[in-house]
Amino acid sequence: MTYEYYGYPPDWLDKYQTEVKKVTVADVKRVAAKYMHRDKFAVLVVGNSKEFDKPLSSLGAVKEIDITIPPQAGAKEDGNAAPTASNPEGKALVAKVASAMGGLPKLQSVKTLHMVIAESDAGAPANDVDVTVVFPDKMHLAIQTPQGALTIVATPDTGFMSMAGMGSRSMPPDQKTEMMSQLHHDLVYIAQHADDAAFTFTAAGTEKIGDVDAAILDIGGAIPWVRWYVDAKSGRILREKYKAMGQQGQFDGESDLSDWQTTDGLTLPRQHKNKQDGKETSVGAFKKIEINPQVDPKIFDKPMEKQSEK
């Protein structure tokens with residue numbers, strides 16, 4: 001997928017190795033002389049200056065840099081601090097949502113989900129994404145791409161991507177964290193915890209969504225912040241907002257939810273229209289939803305690497 005995204009040829013890795021081997025010591029010296037200027041180098045020193053054997057200023061000019069860790073992404077929204085406790089209006093609103101989705105007992109009986117989603121990026125034909133979820137923390141995606149079958153898996157113990165004929169690679173920690181965040185923003189997962197004291201549900205006024213004065217519900221606590229816009233009459237979620245990470249960094253995500261249908265007592269939206277930073281990015285149409293299917297735990301195991309023949 002990375003090769004395709006950046007326009008690299010399928011055998012780019014092999015070519016890269018070949019080209020690197022062609023580089024000579026003379027090439028390195030020539031390029032280093034052109035781009036590396038010792039008189040402009042800076043040395044970064046991290047540590048407790050009180051324990052240094054002599055002041056850094058004895059080595060040259062010193063510029064101090066503040067490396068205080070910033071607040072966690074998503075800790076603020078619209079300039080307001082994320083709520084740290086539920087309010088009665090918020091708890092009543094999430095209870096109504098849970099009831100509209102099938103009721104709390106039904107929601108809490110859902111242990112696994114299997115979905116086939118026709119995902120279409122802006123202007124591109126739809127591509128089926130096969131998603132298997134084992135609550136609370138396992139996700140398996142199977143995607144048929146022009147280059148072959150792609151598998152993406154995230155669990156507490158592992159995270160990897162596997163392409164048919166190209167082997168597997170471990171998922172970067174940030175990407176794995178992002179997948180877990182997506183799972184914990186799942187409507188079913190959140191609604192299952194409507195009575196969980198570890199989750200916060202805070203009503204925060206109203207906003208017009210189409211012709212509806214939607215009630216705003218901020219959700220946090222045990223999960224990263226997410227905001228629902230709820231039709232207070234029907235209990236259906238019209239829109240959700242959240243923070244997410246993409247290839248270009250953090251973005252504000254937004255999904256409009258519609259076409260609510262009931263499957264085996266569970267009512268879910270079959271269409272998601274997605275935006276990133278206000279721009280339309282994709283539409284997901286749910287073609288199939290299975291509730292509590294049997295899931296082979298082996299689908300979450302990373303494939304064994306093939307040993308080369310001697």
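Residues numbered from 1 in each chain as written. Predicted model: local features only at pLDDT ≥ 70, side-chain atom pairs only at ≥ 80, totals over all residues. Heavy atoms only, no water.

### Quick notes on the overall build of the chain
Each helix and strand in the chain was counted, giving 7 helices and 15 strands. Whereas a compact globule of 310 residues would reach a radius of gyration of roughly 19 Å, the chain reaches 25 Å, over 25% beyond that. Considering only C-alpha atoms, the chain reaches an extent of 75 × 55 × 35 Å along its principal axes. Residue burial in the chain is summarised as follows: out of 310 residues, 35% are buried. Of all intrachain contacts in the chain linking residues separated by at least 6 positions in sequence, the fraction that spans at least 24 positions is 45%. For the chain, the exposed surface amounts to about 20000 Å²; the carbon and sulfur share of it is 53%. In the chain, which carries 36 positive and 42 negative side-chain charges, the distance between the mean positions of the two groups comes to 5 Å. (Helix = DSSP H or I, 4+ residues; strand = E, 2+ residues; numbered from the N terminus. Rg over C-alpha atoms; globule rule 2.2 N^0.38 Å. Buried < 20%, exposed > 50% of the residue type's maximum accessible area, 1.4 Å probe, protein only. Contact = heavy atoms within 4.5 Å. Areas by Shrake-Rupley, 256 points an atom, 1.4 Å probe, with all protein chains shown as cover. Lys, Arg positive; Asp, Glu negative; His and termini not counted. Charge placed at Lys NZ, Arg CZ, Asp CG, Glu CD.)

### What to know about a nonpolar patch on the surface
Among the surface-exposed residues, Val31, Tyr35, Met36 and Phe41 lie close enough to one another that they form a single nonpolar patch of about 450 Å² accessible area. Note that Val31 resides in helix α3 (residues 25–35). You can call Val31 partly exposed: its relative accessible area is 37%. (Patch = residues over 30% accessible without salt bridge, like charges linked within 9 Å, V, L, I, M, F, W, Y side chains within 5 Å. Salt bridge = Lys/Arg side-chain N within 4 Å of Asp/Glu carboxyl O.)

### Looking at helix α4 (residues 88–101)
Taking 1.5 Å of rise per residue, the 14 residues of α4 would be expected to cover 20 Å, and the 20 Å separating its terminal C-alpha atoms lies within 8% of that figure. Within the sequence span of α4, burial applies to Gly90, Leu93, Val94, Val97, Ala98 and Met101. When α4 is viewed along its axis, its buried side chains cluster within an angular range of 140° and face the same direction. Turned more than 90 degrees from where α4 packs its buried face, Pro88 and Ser99 sit exposed. Backbone geometry just downstream of α4 places Gly102 in the positive-phi region, at approximately 135°. (Expected span 1.5 Å × (residues − 1). Arc of directions from axis to C-beta.)

### Focus: the side chain of Thr263
You can see Thr263 is positioned in strand β13 (residues 249–263). Looking at Thr263, the relative accessible area reads 19%, which means it is buried. In terms of polar contacts, Thr263 uses its side chain to reach the side chain of Arg270, at 2.8 Å. (Polar contact = N/O pair within 3.5 Å; in protein donor to acceptor, adjacent residues only side chain to side chain.)

### A look at the layout of surface pockets
Taken as a whole, the second largest pocket holds about 730 Å³ of empty space. If you go around the second largest pocket, you meet 19 residues; those closest to its centre are Val45, Leu56, Val62, Lys63 and Glu64. Its residues placed into classes, the lining of the second largest pocket shows 13 nonpolar, 3 polar and 3 charged. (1 Å grid on protein atoms, 1.4 Å probe; cavity = no way out; pocket = protein on both sides within 12 Å on 5 of 7 lines; lining within 4 Å. Points joined across faces, edges and corners; volume = space filled by probe spheres on them. Nonpolar A, V, L, I, M, F, W, Y, C, P; charged D, E, K, R; others polar.)

### Focus: unusual backbone geometry
Omega for the peptide link from Phe135 to Pro136 comes to 10°, which places this bond in the cis form. Among the secondary structure elements, Pro136 is positioned in the loop between β4 (127–134) and β5 (138–145). Here Asp259, not a glycine, exhibits a phi torsion of approximately 55°, which is positive. Here Asp259 lies in strand β13. Residue class for Asp259 comes out partly exposed when judged on its relative accessible area of 45%.

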